[in-house]
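A look at the structure
The primary structure of each chain is shown beneath.
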Amino acid sequence: MTSVNHTTRARRGRADALLRLFTQASYFVFRGKNFCMMCFPPQGSASTFVIRSNDLGLNAVDALSGLAANNDRIQRLRLGIVVCSAGRQHRNLLDTMCLNRLAAPGVCPSGLTVLDLSFCSFGSVAGELLALLIEKSTALTDVNLRGNSLTREGVVKLARALEQLVSMTALDMSGTRLKDGGTAVVAGALVRMEKMTSLDLSWNSMGATGAKQLASALVNMRKMTSLNLSNNDLSADGVVAVAGALEGMNKMTSLDLRCNHLYVGDDLASLLPALASMPTLRRLDLVDFGKFSLNMASRISNAIAPTAVVTGLGDDR
C-alpha cells in the first residue's frame, strides 16, 4: 500500500479543484498559499494564467502547465518562482517542466500577448526553450525575461525568435547577462521594433561596444517612453552612441542611466541635446559612483524639462 502524507494529499486536492474550475474562468491566478479565482460564464478557457510563488509538487505543476499549454485562448501568461521545500534544484526542474510543456511541438499558444517569465530557473536550456515558445506566439507585445541567466547560444536563438515580433511594445531583458556580444545580437532583433515604448536592458554589462550596437536599434524607436540602461558600464563612448539615437525621442518620460561611470569630465555633454529634445521627460536617474561637476550638473538641469525629477546630480531637484 502506497503511503501519501497529508501535505501531498492536500496539494493534489487543491490542484484538482483548480483544474476543474479552470475551464469556467477567464482570469486564473494561483499564487502563494491562497489563490484568487474570478469566475465568469463559461467561455471555453481562461485568458490570464498565473503560476507563481507556490509550494506545488511535480504532478500538480505538470498538470497545471499542461492545461495552460493546451489553452489556445490564453492571452497573458506569468510563470515562475515556484517555491518548494526540496530547494533550488527542485525549483529549476519545476520551472523547466512548465516551459517544456508550453514549447512542445503541437502546442500553440498563438494568442499570447503578455509573457512574463521573470526570475525563472530554466538553466542552460532557457534560450532554446524560450525561442521555441516565442516563435509560436507571434501576437506577443509584452515580454519579460528579467533575471534569467542566458547562454550565448541561447541568446542567439532567442534573438532569431524575437525578430518576428514587430509589434512588440515592451521588452525586459534586464539581468540576463548579455554583455557586449549578447547585446549586439539582441540589438539586431530590435531594429524592426518601431512600436517599442518600454525597453529595459539594465544589469547586462554591455559596455561601450554593446551600447554602440544598441544605438542602431534605438534610432528607430521614436515612440519610446521608458528606457533603462543602468548598470551597464557604458562609459563616455557608449553614451555618445546612445545619445545620438535618443535625440528627438519627444515621448520619453523615464530615462535611467544609473551606475555607468558617467561622472568623469564632460562624459554627459553629448547627452544634453537629447535631453533638451524630451519635453515629456518626468524622471531622469543619473546616480553614479562619483559626483558630477557643478558645471555639468547645471547644464543638465538647464537642458531637461522643468517638471522632470532628476536624481544623482548631488543637489537633486
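Please refer to the structure placed before this passage.
So, here's what we can say about the structure. These figures come from a predicted structure and were not determined experimentally.

Once that is clear, we can look at the pattern of salt bridges. All told, the structure shown has 6 salt bridges when counted by the stated rule. Residues Arg-258 and Asp-256 are paired through a salt bridge, measuring 2.7 Å at the closest nitrogen-oxygen approach. On the basis of relative accessibility, which here comes to 29%, the residue Arg-258 falls in the partly exposed class. As a salt-bridge pair, Arg-283 and Asp-285 come within 3.3 Å of each other at their nearest N and O atoms. Asp-285 sits in the buried class, given a relative accessible area of 4%. Residues participating in the shared-partner salt-bridge network are Asp-256, Arg-258, Arg-283 and Asp-285.

Here we come to unusual backbone geometry. Backbone geometry places Ser-205, a non-glycine residue, at a positive phi of 50 degrees. The topology assignment puts Ser-205 in the loop between strand E8 (198–200) and helix H7 (207–218). Non-glycine residue His-261 carries a positive phi angle of around 55 degrees. Residue placement: His-261 occurs in the loop between strand E10 (254–256) and helix H9 (272–276).

Attention now goes to the nonpolar core. Residues Met-173, Leu-190, Leu-199, Leu-218, Leu-246 and Leu-275 are the most contacted members of the largest nonpolar core, which totals 75 residues. Excluding residues within four positions of it along the chain, Leu-246 makes contact with Leu-227, Met-252, Leu-255, Leu-271, Ala-274, Ser-277 and Met-278.

The next thing to look at is helix H5 (residues 152–162). One turn of the α-helix equals 3.6 residues, which is why residues spaced by three or four share an orientation. Residues of H5 that are buried include every one of Gly-154, Val-155, Leu-158, Ala-159, Ala-161 and Leu-162, and no others. Here the buried residues of H5 occupy an arc of 155 degrees about the axis, which is enough to place them on one side. In H5, the exposed residues that point more than 90 degrees away from the buried face are Glu-153 and Arg-160. For H5, the secondary structure elements touched by its buried residues are helix H4 (126–136) and helix H6 (179–190).

Parameters and conventions
- Residues numbered from 1 in each chain as written.
- Predicted model: local features only at pLDDT ≥ 70, side-chain atom pairs only at ≥ 80, totals over all residues.
- Heavy atoms only, no water.
- Salt bridge = Lys/Arg side-chain N within 4 Å of Asp/Glu carboxyl O.
- Buried < 20%, exposed > 50% of the residue type's maximum accessible area, 1.4 Å probe, protein only.
- Helix = DSSP H or I, 4+ residues; strand = E, 2+ residues; numbered from the N terminus.
- Core = buried A, V, L, I, M, F, W, Y, C linked by side-chain atoms within 4.5 Å.
- Contact = heavy atoms within 4.5 Å.
- Arc of directions from axis to C-beta.

Purely spatial values, then, with no claim about function.
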